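Residues per chain are reported as follows:
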Amino acid sequence: MAPQDKNTPPPLPEPLRVAVADSHTHLDMQDSSVEEALTKAASVGVTTVVQVGCDLAGSRWAAETAAAHDSVHATVALHPNEAPRIVLGDPDGWSRQGAREPGGDSALDEALAEIDRLAALPQVRGVGETGLDYFRTGPEGMAAQEASFRAHIEIAKRHDKALVIHDREAHDDVLRILREEGAPDRVVFHCYSGDAGMAKICAAAGYFMSFAGNVTFKNAQHLRDALAVAPPELVLVETDAPFLTPAPYRGRANAPYLIPVTLRAMAEVTSLTEDAMATAVAANTARAFGY
């Protein structure tokens, strides 16, 4: 692929015959306007999106955007990498807010109180993405991550909202904390990253598993193995756009309109037809997020 192709949006896929939802997207990080993104997605059968918050500003934006658009539902949270930045500061300023001073535990409590307030709004259908990320945050940040995760679980249960989990290289601890706290009724493992063994554990607990564009990557056989054993009634599809663009467009910007590419790959992995897979994920997403 020539370098200039990286900036060319992938073409519109063939429309789905059965409308589906993108269960996890970041419209605030994409180049197009919200209206453009939704129109383009709807033109290929992606008629609903779940806009996911990762910090206070993004969570407020998600709630406002969902209030303004019938086809958008919101989730609100402090991302697992956000909690340590609030507590310990962020001298390098690699997050979207730039460099930050340490705020300590009281700053985290204040931020969580705002997430709690937003979680009560009717257009907010989930609390997330929360969880643990051992890839980005070093050992010094783990206490803040875990405290934040436990608080988000409590918020989700109190407001009866879905819990949307970000689990990066932390499978065992995420599952353990869910057991210790008692999971909410509806739990979604966003961008499911475990193997088939973990998929069976999630299935036994009734957790939803949302598959992203990386299920199409050559090196992701463990994800296809997991999808193959995941019960069809617990499977969702997502973009995590602008990240994780499915093959053959890996390296270019992702957007909700590319859901059909991932969904068709998922149907191939399972014994389901494209229409059956779309019907299942559409019903599952509505059930997971209570819309």
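Everything numeric here is computed off the predicted structure, so don't read it as measured data. (Residues numbered from 1 in each chain as written. Predicted model: local features only at pLDDT ≥ 70, side-chain atom pairs only at ≥ 80, totals over all residues. Heavy atoms only, no water.)

Peer 1: A description of the environment of glutamate 180 should follow, citing residues and the corresponding values.
Peer 2: Considering the arrangement of structural elements, one finds glutamate 180 in helix α6 (residues 171-181). The exposure class assigned to glutamate 180 is partly exposed, which follows from its relative accessible area of 46%. (Helix = DSSP H or I, 4+ residues; strand = E, 2+ residues; numbered from the N terminus. Buried < 20%, exposed > 50% of the residue type's maximum accessible area, 1.4 Å probe, protein only.)

Peer 1: Could you give an account of the pattern of salt bridges, with specific residues and numbers?
Peer 2: In total, this model carries 14 salt bridges according to the counting rule given. Between arginine 85 and glutamate 82 there is a salt bridge; the shortest N-O distance is 3.2 Å. Taken together, the residues span about one helical turn, with arginine 85 and glutamate 82 both in helix α3 (residues 82-88) at a distance of three residues. The buried category is assigned to glutamate 82, whose relative accessible area is 3%. (Salt bridge = Lys/Arg side-chain N within 4 Å of Asp/Glu carboxyl O.)

Peer 1: Can you lay out the side chain of histidine 190 for me, pointing to particular residues and giving the numbers?
Peer 2: Tracing the chain through its elements places histidine 190 in the loop between β6 (187-189) and α7 (196-205). Within the local environment of histidine 190, its side chain forms a polar contact with the side chain of histidine 24, the two groups lying 3.4 Å apart. Every residue in contact with histidine 190, bar those within four places of it in the chain, is listed here: His24, Glu129, Val164, Ile165, His166, Ser210, Glu238 and Asp240. (Polar contact = N/O pair within 3.5 Å; in protein donor to acceptor, adjacent residues only side chain to side chain. Contact = heavy atoms within 4.5 Å.)

Peer 1: A description of the pairing of strand β7 (residues 208-211) should follow, citing residues and the corresponding values.
Peer 2: Looking along a regular strand, one sees the side chains alternate between the two faces of the sheet. Alternating positions in β7 separate into two faces, Phe208 and Ser210 on one and Met209 and Phe211 on the other, with burial throughout. Of the pairings in the sheet, the one linking β6 to β7 comprises two bridges and is parallel in character. Residue pairing across strands places phenylalanine 189 opposite methionine 209, the latter belonging to β7. The parallel pair β6 and β7, bridged by α7, forms a crossover whose chirality is right-handed. Where β7 lies against strand β8 (residues 235-237), three bridges are found, and the strand directions are parallel. For phenylalanine 211, the partnering residue across the bridge sits in β8 and is valine 237. With respect to chirality, the unit in which β7 leads through helix α8 (residues 221-229) into the neighbouring parallel β8 is right-handed. (Pairing = 2+ DSSP bridges. Right-handed = clockwise from strand over helix to strand, strands pointing away.)

Peer 1: Provide a residue-level description of the packing of aromatic side chains, including the pertinent values.
Peer 2: Inspection of the entire model under this criterion finds two aromatic pairs. Arranged with centres 5.8 Å apart and planes meeting at 35 degrees, the rings of phenylalanine 189 and tyrosine 207 form a pair that is tilted. Placement of the pair is phenylalanine 189 in strand β6 and tyrosine 207 in the loop between α7 and β7, with a sequence separation of 18 residues. An identical accessibility class is assigned to phenylalanine 189 and tyrosine 207; each is buried. For arginine 168, the ring lying beneath its charged end belongs to phenylalanine 135, and the centroid distance is 3.6 Å. (Phe/Tyr/Trp six-rings, centres within 6.5 Å; stacked < 30°, edge-to-face > 60°. Lys NZ or Arg CZ within 6 Å of the ring centre and 35° of its normal.)

Peer 1: Lay out the pairing of strand β3 (residues 72-76) with the relevant residues and their values.
Peer 2: Extensive coverage of β3 is indicated by the burial of five of its five residues. Residues Val72, Ala74 and Val76 point to one face of β3 and His73 and Thr75 to the other, with burial holding for every one of them. Summarising the sheet, strand β2 (residues 46-52) and β3 pair through four bridges and their orientation is parallel. By the bridge assignment, valine 49 is partnered in β3 with valine 72. Following the backbone out of β2, through helix α2 (residues 56-68) and into the adjacent parallel β3, one traces a crossover that is right-handed.

Peer 1: Explain the packing of α7 against α8 residue by residue, including any values.
Peer 2: Running from amino to carboxyl end, α7 crosses α8 at an angle of 35 degrees, the nearest separation of the two axes being 8 Å. Classified by chirality, the crossing of α8 by α7 is right-handed. Every residue of α8 that contacts α7 at Ala196, Ala199 and Lys200 is listed here: His222, Asp225, Ala226 and Val229. Looking at the contact of α7 with α8, its residues break down into four nonpolar, one polar and two charged. (Axes fitted to C-alpha atoms, helices over the stretch in contact; angles between N-to-C directions. Left-handed = near helix turned anticlockwise from the far one by under 90°. Nonpolar A, V, L, I, M, F, W, Y, C, P; charged D, E, K, R; others polar.)

Peer 1: Kindly report on the side chain of aspartate 167, identifying the contributing residues and their values.
Peer 2: Turning to its location among the elements, aspartate 167 is positioned in strand β5 (residues 162-168). No salt bridge is formed by the buried aspartate 167, whose closest oppositely charged neighbour, arginine 168, lies at an N-O distance of 9.0 Å. There is a polar contact of 2.6 Å between the side chain of aspartate 167 and the side chain of histidine 171. Apart from residues lying up to four places away in sequence, aspartate 167 is in contact with Leu132, Val174, Phe189, Ser193 and Met198. (Lys, Arg positive; Asp, Glu negative; His and termini not counted.)

Peer 1: Account for helix α10 (residues 274-289), naming residues and giving values.
Peer 2: In this model, α10 (16 residues) spans 22 Å end to end at C-alpha, consistent with the 22 Å of a helix rising 1.5 Å per residue. Burial in α10 covers these residues: Glu274, Met277, Ala278, Ala280, Val281, Asn284, Thr285, Ala286, Ala288 and Phe289. Backbone geometry just downstream of α10 places glycine 290 in the positive-phi region, at approximately 65 degrees. (Expected span 1.5 Å × (residues − 1).)

Peer 1: Just give me the short version of the packing of helix α9 (residues 259-269) against α10, but keep the residues and values in it.
Peer 2: The contact between α9 and α10 brings their axes to 9 Å, and the two run at 110 degrees. As far as their axial angle goes, α10 and α9 are roughly perpendicular. α10 is crossed by α9, and the crossing has right-handed handedness. Here α9 contributes Leu263, Arg264, Met266 and Ala267 to the contact with α10, which in turn contributes Glu274, Met277, Ala278 and Val281. Partitioning the contact of α9 with α10 into residue classes produces six nonpolar, no polar and two charged. (Parallel < 35°, antiparallel > 145°, perpendicular 65-115°, else oblique.)

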